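Residue-level structural notes
Here is what each chain is made of, one letter per residue.
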Amino acid sequence: MTGAVGRLARVGARVGEAPLWLPDRRVWLWLDLQGRTVHRHDPATATDRIIASGFAEDLACLVRRADGAALLVSVRGFHRLDPDSGQTAPLPCPIDLPRGTIFNDGKADRCGGLWVGSSDAAEAAPLGRIWRVHAGQVTEVAAGFTVSNGPAFAPDGTVAYFADTFARRILRFRLDAAGKPLSHDLFATIPDSDGYPDGMTTDSAGTLYVGHWDGAQISRWSPDGTALPPIPVPARNVTSLAFGGDGMRTAVITTASLFPGQAPGPDPGWDGDLLAIRSGVSGLAEPMLAAGFADGVIAES
C-alpha cells in the first residue's frame, strides 16, 4: 500500500460492511448493517448517499449479480437490489437457516458460486456455518463458528480464506477447478492484542488483506501464510475492504462506530466512516454470481 489511510465520507455508520465496486457504473455500494441502510458512493463526485433504507431486519452482505443488480443478503433472507434506484425485491433463499442463527458475510467465488456464512444470533455459541450455493446445490462447507466472516478467494480461484472471528483464526480451503471445496486447514491465528479478524479481500498478487474488529488495522498475509507489515487504520473497528477505482488500485475500507466498553481508536478517530488507501498492487473486482441467480432461482448447470 502507498500513503496513509484517508477518509472518503463522514457517515458514522453503526456497522459499515460489504464494500462492493461496480466496474460498469464506477461506483461503490456498501452497507450499514445495524443502521439497515444501503449506501452508494460516487468517487467522481465524492458523494455518499443512502439509496435504500427501512429494512425490517439487519443486513448482512452484498454480492454482484450477472444481470447488473446485486444480491442483498439480510440476516434472514435474500433480496434483489437495483444499484441505481435502490429498489429491492425478495428472492427465494436456498438455505434453510438453522434456528437461532443469522446470515453474516458472503461473496461469490471465481466460478460464480455463492459463499455465505452464518453466526449465532446471540454471539455466544459455535452454531455458525458456511455454505456454498452453486449449480442447484447447497453444500455445507464447514461448521462450528460463533461469528463467521469473509470469505476471500485467491486470484486463480483455487483457495478460499475464511475468518472464524471469535476464535481469532483464519482458515484456508483448497478448491478444485469448479470451485468445490476439497479440504481445509489453519492458515493464520490472530493475537488477542490485534483484535478479531473480520472482512477480507485479496489483490492480484494473491496477498490476503484482513480487517480487524477492535484492532485498528488491516493485516496482510502472503499466500504461504507469512505475516506482512500491517496497515494502521484510524478507526477501532475495521470491518472489511475491497479493491476498485482506476486501475483497481484503491482499497475502500468500511468501519464501525465504537461499541459500549471500547476504548477510542487512534486519532483522528474515524469510527464508522468510509475510508480508503491507494495500493501499489492492483486488486481484483469481486466476482459475480453465476447467471442462474438472475431470476432468484438457482439454475442447474
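Up top you'll find the structure we're talking about.
Below: a short report on this structure. The shown structure was predicted, so the numbers you read here are calculated from the model rather than taken from an experiment. (Residues numbered from 1 in each chain as written. Predicted model: local features only at pLDDT ≥ 70, side-chain atom pairs only at ≥ 80, totals over all residues. Heavy atoms only, no water.)

As for the sheet that holds strand 10 (residues 101–108)
To summarise the sheet geometry, strands pair through backbone hydrogen bonds and adopt either a parallel or an antiparallel arrangement. The strand order across the open sheet built from four strands is 10-11-12-13, with neighbouring strands paired in antiparallel fashion. In the strand order of this sheet, the two ends are held by strand 10 and strand 13 (137–145), each with one partner. Along the sheet, successive strands turn relative to each other by an average axial angle of 20 degrees, direction set aside. Note that strand 10 and strand 11 (residues 114–120) share six bridges and pair antiparallel. Bridge pairing links Ile102 to Ser119 in strand 11. (Pairing = 2+ DSSP bridges. Helix = DSSP H or I, 4+ residues; strand = E, 2+ residues; numbered from the N terminus. Axes fitted to C-alpha atoms, helices over the stretch in contact; angles between N-to-C directions.)

A word on the nonpolar core
Counting 24 residues, the largest nonpolar core has Val5, Ile218, Val233, Leu241, Ile253, Leu275 and Ile277 as its most contacted members. Going through the elements one at a time, strand 1 (2–9), strand 3 (27–32), strand 22 (237–244), strand 23 (250–256) and strand 24 (274–278) are the ones with two or more residues in this core. In this view, Ile253 contacts Val5, Ile218, Val238, Ser240, Leu241, Asp273, Leu274, Leu275, Ala276 and Ile277; residues no more than four positions away in its chain are not counted. In terms of nonpolar packing, the next biggest core, distinct from the first, is built from 19 residues, Val27, Ile51, Ala70 and Leu81 among them. (Core = buried A, V, L, I, M, F, W, Y, C linked by side-chain atoms within 4.5 Å. Buried < 20%, exposed > 50% of the residue type's maximum accessible area, 1.4 Å probe, protein only. Contact = heavy atoms within 4.5 Å.)

Some remarks on the pairing of strand 7 (residues 70–74)
With five of five residues buried, strand 7 is to be regarded as a mostly interior element. Because side chains alternate across strand 7, one face comprises the buried residues Ala70, Leu72 and Ser74, and the other comprises Leu71 and Val73, equally buried. Alignment of strand 6 (residues 59–64) against strand 7, held across five bridges, turns out to be antiparallel. Bridged to Val63 within strand 7 is Leu71. Here strand 6 hands over to strand 7 after five residues, with Gly68 in that stretch at a positive phi of 90 degrees. When strand 7 meets strand 8 (residues 78–81), the two strands line up antiparallel, connected through four bridges. From the neighbouring strand, Val73 faces strand 8, where its bridge partner is Phe78. The turn linking strand 7 back onto strand 8 is made up of three residues.

Side note on the pairing of strand 20 (residues 217–221)
In terms of burial, strand 20 is a largely internal element, five of the five residues being buried. Burial of strand 20 is two-sided: the residues Gln217, Ser219 and Trp221 facing one way and the residues Ile218 and Arg220 facing the other way are all buried. Here five bridges tie strand 19 (residues 208–213) to strand 20, and the two strands are oriented antiparallel to one another. Paired with Val210 across the bridge in strand 20 is Ser219. Counted along the chain from strand 19 to the antiparallel partner strand 20, the turn is three residues long, and its residue Asp214 has a positive phi close to 60 degrees. Between strand 20 and strand 21 (residues 227–232), which follow one another and run antiparallel, lie five residues, and Gly225 among them has a positive phi close to 95 degrees.

A word on the layout of surface pockets
In this structure, the largest pocket spans a volume of roughly 610 Å³. Lining the largest pocket are 26 residues, with Val15, Gln34, Asn104, Glu123 and Val147 positioned closest to its centre. Residue assignment for the lining of the largest pocket shows that the elements contributing at least two residues are strand 6, strand 10, strand 11 and strand 18 (196–202). Counting residues per element, the lining of the largest pocket draws most heavily on strand 10, at three residues. For the lining of the largest pocket, a count of residues per class yields 14 nonpolar, six polar and six charged. There is about 170 Å³ of room inside the second largest pocket. If you go around the second largest pocket, the residues you meet are Leu8, Trp21, Arg26, Trp28, His41, Pro43, Ala44, Ala46, Gly244, Gly245, Asp246 and Thr250. Residues that form the lining of the second largest pocket fall into these classes: six nonpolar, four polar and two charged. (1 Å grid on protein atoms, 1.4 Å probe; cavity = no way out; pocket = protein on both sides within 12 Å on 5 of 7 lines; lining within 4 Å. Points joined across faces, edges and corners; volume = space filled by probe spheres on them. Nonpolar A, V, L, I, M, F, W, Y, C, P; charged D, E, K, R; others polar.)

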